[in-house]
Structures are given as structure tokens and as C-alpha cells.
Amino acid sequence: MKINKLLSVILLALMASLIVFPVASLAQTYIDVPPGFSTLNDAIKNNTNPNVIFRLKRGPTGVYLLNGSIEVTSPLKIEAEAGTGSRPQLIPAVGSGGVTDIPFRIKADLSLKGLYVTSKDELGAYLSQILRISADNVTLNIDDCFLENTAQSIIRTDNKLAKIYLRNSTMRNAASDWNNGRGVDDRGVDMDILYVENCTIYSIASRFLRDGGGYIKKAFFNHNTFVHTGFRLLDVGECADLTFTNNLVINCGFLGREVTSTDCQITMKPLTNSVFQGVTQKFLSRNNNFMISSDYYSAYPSGVVVIPWYDDYTKALVDASGFDNTNIAEYIEFKTPPPSLKSVIPLYWNDPLRGSGTTAINIRSNGTYDFSYATTYKSFSYGTDGKPLGATSWFGINTNVDAVTELPTDFILEQNYPNPFNPTTNIKYSLPVASNVKVEIFNTLGQLVNTIVNQYQNAGTYNATWNGTDLYGNQVSTGVYIYKLTTDNFVSAKKMILIK
């Protein structure tokens, strides 16, 4: 009787695992779109299959002139064809009867991979944004893209609770006047998550993130290279959880500030929204290099000083994390840097219009640059993972886990499968941000049996396998065991049963 009951438990567990984890999936369907005027607009409008990826041509002929905005009203994926040629180019059209408008107006989930997208139309006019989110709960996923040339912001959110993932990409040249050069502008609406990893961001007239009064549940910046923002770097505002690790922040806020100003590189505000009731605000700032070149601040007029990293409130949050002493200020030289903007500093301070002055267009950098640097710098191996600070792609290192459509938004440790098991079981877990990770096995006495994961891992979903052995490779006996996930910010444990 006991044996039949045990077999029934095992059978049910196996059936559950088959339901949750299917062993096969349908092949991906692609629509190959030829280059030309309105071809991409038309292909998207005429498509009736929601489960396709629009694939674009690489190389010098891969030019897609957009006939007005691409209106994203249902989930949309666009990517470059496989290969090493230059990225497909998406450019707002003016001629051939085209209607010039920003490249994307977004009301549903959008994924872009391997593309070049500009908001500078074919006659040279700078349009207001590249991507504009105009519906609630949209997920925007940008991977391996080059986004440039906009008058106001690269990404603007008009609606609440967007999830924005920016990975392995370059963003530059957001400038018209000094107030309107922004990377991400939330316009005062609430945001769910902003995730930026392995990106290179430069020549942004005002700041990369402009929070206009809404909240951000989680913001994560890891291994990014920021160069040449005019006023400051991040106006984060009301954010429950900010992680800023392994970044290079070079000549950001290079204009300096007046002695009486409160401007800082990174600012946060206290949590006041009811959604954060009972939440402890966190800011992990660790292993970053903040540096402003001496030749820049030598150009400051009297009464202008170097902008500090944080204001008093934000500094207190950093201090609470216990890692502020890991941040450095090291002068480095890039292999091929963008032009110096020292000459722009007096143009700004001598302009009576200041913030609204159009001298901001001088920040635009249109060349080809290389943001790698010598291995002799401390920054080269100073990352929490032993990697170079800044975007690691400049050193041939990709921080991406895989081509996931959407990264996890929470730490999750799932029940192992199968369970009960013999001889092996899988342990699935999710990381919303990069972290040091341990997955350990304990017996019911709390004694360590084995460690199956012990490394730094990027955000993503992982499977770890335990084969029922201890630290010395010996098979353990039948019984109940506990598996534990430990990260920098999260600990969870569950039980499992090994039956022989």
C-alpha cells in the first residue's frame, strides 16, 4: 500500500513537470522585408500573423525609409538578418510622398534587435523622439541597436508602468537645447522597470534619465559607459530599488554647476507613493568610476564648480548600502574618444538663454569611436565580476545571458522538477538584476551537502542540476533535502525529496 502511494506521488510529480516544462516548441516564423521606401511600414500593416519576426537586410543597401511612424498596436518584433554586415537602417522619409514622423509610436510590446534607428530624417531635420510609448504596461526590449539623433529624447513614456530593457546598444546625440537632450524621459508617469546593461551612451545634452514626478519600481544600470552629458546623469526621483554597478561615468555633468545649485550626477527622492507602503528604499552604488577631466573644470568661470556625485539624501542611501568606498575617480583615455567638449563650456555660461540656448547642438558627435582603454588602468579589472568597468563589448565581452524577450522582474526560486526525483533534479531560478549567486544543498540538520552554483551571473532565468552527490562526489542517501538560493539582495529555500 505504501509503495503504491509513493508511486502515485512520483507519477503526479512527473506529469506536473511535463505540463509546466514542454519539451518541444514551434519553429519561429520570419517575414523578410526588402529595403526601400515604406516597405517596412507596409509589411507590418499587411501582416495578419501575430507570431512573426520581421527580418531586415544588412549591409549598405539595407536602408528602410519610414513612411511616417511605425504604429505598434500589437506585439511586434523586428531584427537584423544573421551575419556581420552593417545594421539595417531605419530612417524617417520625407521625399517620395512620404510623411516624416518619429520612427516608433508604441502601444504594444516592441522588440528591436541589431538595428540602426535614427530620428534625423532624410533631409537632415532632427525629430523629437525615436521611440514614444503611448499605452500602459508596454514592454520595450532593445538589444544590439544603435539609436541616435533626436531633438528631445531617445525614449519617451507618456503612459504608465512601462518595462524598458536596453542591452548591448549605443545611444547618442540627444540635443536641441540644453533642457531637451535626454535619453529616457518618463514625463512624470510611473514606470515599472528600467534596465540598462552593456550600453554606450554619449553626447546627451541634458541628462540620460529625466524623472518628471512619477515613480520607478526598479532601476538597474550595470556595465555601461556614459560620456558627455551636459547637466547631470540620472534624475531617478521616487525609486524603490536602484542598482548602479560597474559603470564608467566620464565627463558627465561636464558643464558644472553654480555654487548655489543642488544639481548632482544622481539624485533620488523619498518614497511617498502609497504603492511603496512598507518598502525600504535601496540604492546600491558599487564599483563605478566617476571622473571629470581637469581640463574641463579648468574652463569653468568664477562661481561654477564640479558637480558632485550625489545630494545629501541620495548619499545617505548609498552609505546605507555600505559600498560607497568602492567607487573611484580614475582618469582614463579611450582608444578613440569623441571630441573634447571643453570649448562648449564657455558657450553655455556666456549665453543669457542658458538652458534654452541652442548651443547644445555642439554636443553632437557623429564620428566612429572606440571606448576601450588600456589594461593598465585600475578600471580594467575593477568590476564586481572582475570585468572592465563600462560596456564590456568594447573588449569583446558580452554580458548578455541569452536572447530572452523579457528579463525577469523579480527574484524567483521555483520548485525543483521532478520532485520526488532519482537520480537528478533541476532547480530553476530567476534574477532581475546581475548578482553574485549561490545555490546550495543542505540536509535537514542544516549541514552543507553540496554547492552547485557559486558565481556572478547576469539577469535572466537559469537551470541548475543536482545529481544527488555531496561535495566529494559521493551519492547521498534517500531523504528530504533543502536547496537554497542566495544572491546579493535575496535569499530563498525550498524542500525536495530524493528517493532511491
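Our structure's up above, just so we're on the same page.
Below, the discussion takes up the overall build of the protein. A tally of regular secondary structure across the protein gives five helices and 36 strands. Expressed as lengths along the three principal axes of its C-alpha atoms, the size of the protein is roughly 90 × 55 × 45 Å. The burial tally for the protein puts 54% of its 500 residues in the buried class. In the protein, 74% of the contacts between residues at least 6 apart in sequence involve partners at least 24 apart. With an accessible surface of roughly 21,100 Å², the protein has 52% of that area assigned to carbon and sulfur atoms. Averaging the locations of the 42 positively and 43 negatively charged side chains of the protein gives two centres separated by 5 Å.

An α-helical segment advances 3.6 residues per turn. Residues three or four places apart therefore align on the same side. Of all the residues in helix H2 (residues 39-46), the buried ones are Leu40, Asn41, Ala43 and Ile44. Axial view of H2: buried residues confined to an arc of 165°, hence all on one face. Of the exposed residues in H2, those oriented more than 90 degrees away from the buried face are Lys45 and Asn46. Those residues of H2 hidden inside the fold are in contact with strand S1 (29-33), strand S3 (52-56), strand S4 (63-66), strand S5 (70-72), strand S6 (76-80) and strand S7 (89-92).

A separate point is the pairing of strand S14 (residues 153-157). Counting buried residues along S14, five of its five residues qualify, which places the element largely inside the surrounding structure. Across four bridges, the pairing between strand S11 (residues 129-133) and S14 is parallel. Looking at the pairing, Gln129 lines up with Ser153 of S14. Of the strand pairs in this sheet, S14 and strand S17 (residues 182-185) are connected by three bridges, and their pairing is parallel. The residue of S17 that forms the bridge with Ser153 is Arg182.

Criteria and thresholds
- Residues numbered from 1 in each chain as written.
- Predicted model: local features only at pLDDT ≥ 70, side-chain atom pairs only at ≥ 80, totals over all residues.
- Heavy atoms only, no water.
- Helix = DSSP H or I, 4+ residues; strand = E, 2+ residues; numbered from the N terminus.
- Buried < 20%, exposed > 50% of the residue type's maximum accessible area, 1.4 Å probe, protein only.
- Contact = heavy atoms within 4.5 Å.
- Areas by Shrake-Rupley, 256 points an atom, 1.4 Å probe, with all protein chains shown as cover.
- Lys, Arg positive; Asp, Glu negative; His and termini not counted.
- Charge placed at Lys NZ, Arg CZ, Asp CG, Glu CD.
- Arc of directions from axis to C-beta.
- Pairing = 2+ DSSP bridges.

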